[in-house]
There are 4 protein chains.
Amino acid sequence: MTHTTEIRVRYGETDQMGIAYYGAYPLYLEVGRVEAMRAVGMPYAALEARGIMLPVRKLEIEYFKPALYDSLVRIETTVTPPAGSRLVFQHRLFNEAGASLAEARVELVFVDAQSRRPMRAPEDFVRLFSE
Amino acid sequence: MTHTTEIRVRYGETDQMGIAYYGAYPLYLEVGRVEAMRAVGMPYAALEARGIMLPVRKLEIEYFKPALYDSLVRIETTVTPPAGSRLVFQHRLFNEAGASLAEARVELVFVDAQSRRPMRAPEDFVRLFSE
Amino acid sequence: MTHTTEIRVRYGETDQMGIAYYGAYPLYLEVGRVEAMRAVGMPYAALEARGIMLPVRKLEIEYFKPALYDSLVRIETTVTPPAGSRLVFQHRLFNEAGASLAEARVELVFVDAQSRRPMRAPEDFVRLFSE
Amino acid sequence: MTHTTEIRVRYGETDQMGIAYYGAYPLYLEVGRVEAMRAVGMPYAALEARGIMLPVRKLEIEYFKPALYDSLVRIETTVTPPAGSRLVFQHRLFNEAGASLAEARVELVFVDAQSRRPMRAPEDFVRLFSE
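Residues numbered from 1 in each chain as written. Chains lettered and ligands numbered in written order. Predicted model: local features only at pLDDT ≥ 70, side-chain atom pairs only at ≥ 80, totals over all residues.

**Q** Help me understand the interface of chain A and chain D, please; the structure alone is not making it clear to me.
**A** How big an interface is tends to be stated in terms of accessible area lost as the parts join. Taken together, the contact pairs 15 residues of chain A with 15 residues of chain D. Contributing elements (two or more residues each) for the side of chain A that touches chain D: helix H1 (25–40) and strand S3 (56–63) of chain A. When the residues that make up the side of chain A that touches chain D are grouped by side-chain class, the tally is 10 nonpolar, one polar and four charged. In the sheet, S3 of chain A pairs with strand S3 (residues 56–63) of chain D via five bridges, with the strands oriented antiparallel. Across the sheet, Leu59 of chain A pairs through a bridge with Ile61 of chain D, a residue of S3 of chain D. (Contact = placed C-beta atoms within 7 Å. Helix = DSSP H or I, 4+ residues; strand = E, 2+ residues; numbered from the N terminus. Nonpolar A, V, L, I, M, F, W, Y, C, P; charged D, E, K, R; others polar. Pairing = 2+ DSSP bridges.)

Structure below.
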């Protein structure tokens, strides 16, 4: 499943190099993830309301070209079916000219909000991916 | 009661104007507040552990001179004795040469974490100020 | 001139109180400002490309109700015609139910990017407001 | 060369899971890097003053345990001698009890600030590592 969304680089996200700070990308990837989950019919906020959290376990970003202030960044997000307690998102970021800005992989873990321990992906979530 | 602490401007807090972003200052003021409360013997984390929160009700910042990357910013924080449910911090920020960078005033409200309703300042907190 | 835009509260903008951090609002106000200027036909990025910067001189925010994760926040931005080197934006933030979340006032200064000194508002910018 | 520094988790860096947001770590790693370079006698600000920038090319973070509000996080930073235009930092983050919170690897590129093109690591920088 691939989903596409867009963010606009905010002034506060740039640094004095005149480009989006490398630490702004986790926020962008979060938007990609959250909108992909909403599109699939499983908003992250709804998961959390059921007592399920999805902390990040691993983050990898490769930066190819800088993202500029006020430019629109297209985020392509691919979710793979959850395996056990693990959920993996892959992201590709593009500028308005279609040039590749970055690629990223984010691995999250389903966690029970009460016990704060890993748990298997909820059945209805898994089922969404077999359809 | 006036307390002094220092922060160093991070690269991620600068923007493409080459100065600390105006939106980084609330984080700096938070450091000033938190260290002033720790110095007084009432760390904010301890308050929160007792079920008391201190959300911000009002923020005012005047910016005089830019704070530069990697520079040390001295934060002078003055707390006035709490009145009812209200707690007010005043801040003055200086650069390494002693020039005034900004002045700020932050008004917070004591809130019961359960009910999320305003509450009077805890007695021991008020007592700290009458000593 | 009043302009309306919307942001969605990101997870990274919440804090452990479970609401948008008070320091996230300057970013939201920036979005309000930037979109209002774009709507008026004078994007901030275009100003900067002409060697004009608009640092913030004064910030005031009153917080009435918390902004929640993943909620849409409507930002109403009013610009008043620039006076001398000064530009003032007023903002009102609302949640999806129409409740008032916050009100803010941001005062910016037109600055020459070379000299880093205040300058009068550019004529074409002023003219936009007399129409 | 291994260097150790410390940061304290700010309230604004937590999220509604009650832990430091995964996107706050790039800021922490930046502090580790910057303080390691300062210790070595080559502050990043001095490099930039000479027209050399160090944008991030690749970021990898593994998160083992959450970093909590107001806790001190110890950052151990290891720099390997620069190879060509590449500079690699490895980081290990620990909490106050000595438990491992995260491990990270950040790859940066020496870039000429004028041309914005990669350049070889400056000789004096390389020499620092052969001593």
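Picking up after the structure, the text goes on.
**Q** Looking at this structure, how should I read the interface of chain B and chain A?
**A** With nine residues of chain B at the interface, the matching set in chain A holds nine residues. Residues belonging to the side of chain B that touches chain A are distributed by class as follows: three nonpolar, five polar and one charged.

**Q** Honestly, the pairing of strand S6 (residues 100–109) of chain A in this entry has me stumped. Any pointers?
**A** A regular strand places its side chains so that they alternate between the two faces of the sheet. Residues and elements named next belong to chain A. With seven bridges connecting them, S3 and S6 associate as antiparallel partners. Bridge pairing in S6 places Glu62 opposite Glu103. Between the end of strand S5 (residues 86–94) and the start of S6, which pair antiparallel, lie five residues, with Gly98 showing a positive phi angle near 90 degrees.

**Q** How should the relation of the copies chain A and chain D be read in this particular structure?
**A** Think of it as a corkscrew move, a rotation about one axis and a shift along it, taking one chain copy to the other. When chain A is fitted to chain D, the residual RMSD is 0.0 Å, and the transformation amounts to a turn of 180 degrees plus an axial shift of 0.0 Å. The operation mapping one copy onto its partner corresponds to a two-fold rotation axis. Across chain A, the smallest distance between a C-alpha and the rotation axis is recorded for Glu60 of chain A, namely 2.2 Å. Counting the interface residues of chain A, we find that 100% of their copies in chain D are interface residues as well, pointing to one common contact surface. (Least-squares fit on C-alpha atoms with pLDDT ≥ 70 in both.)

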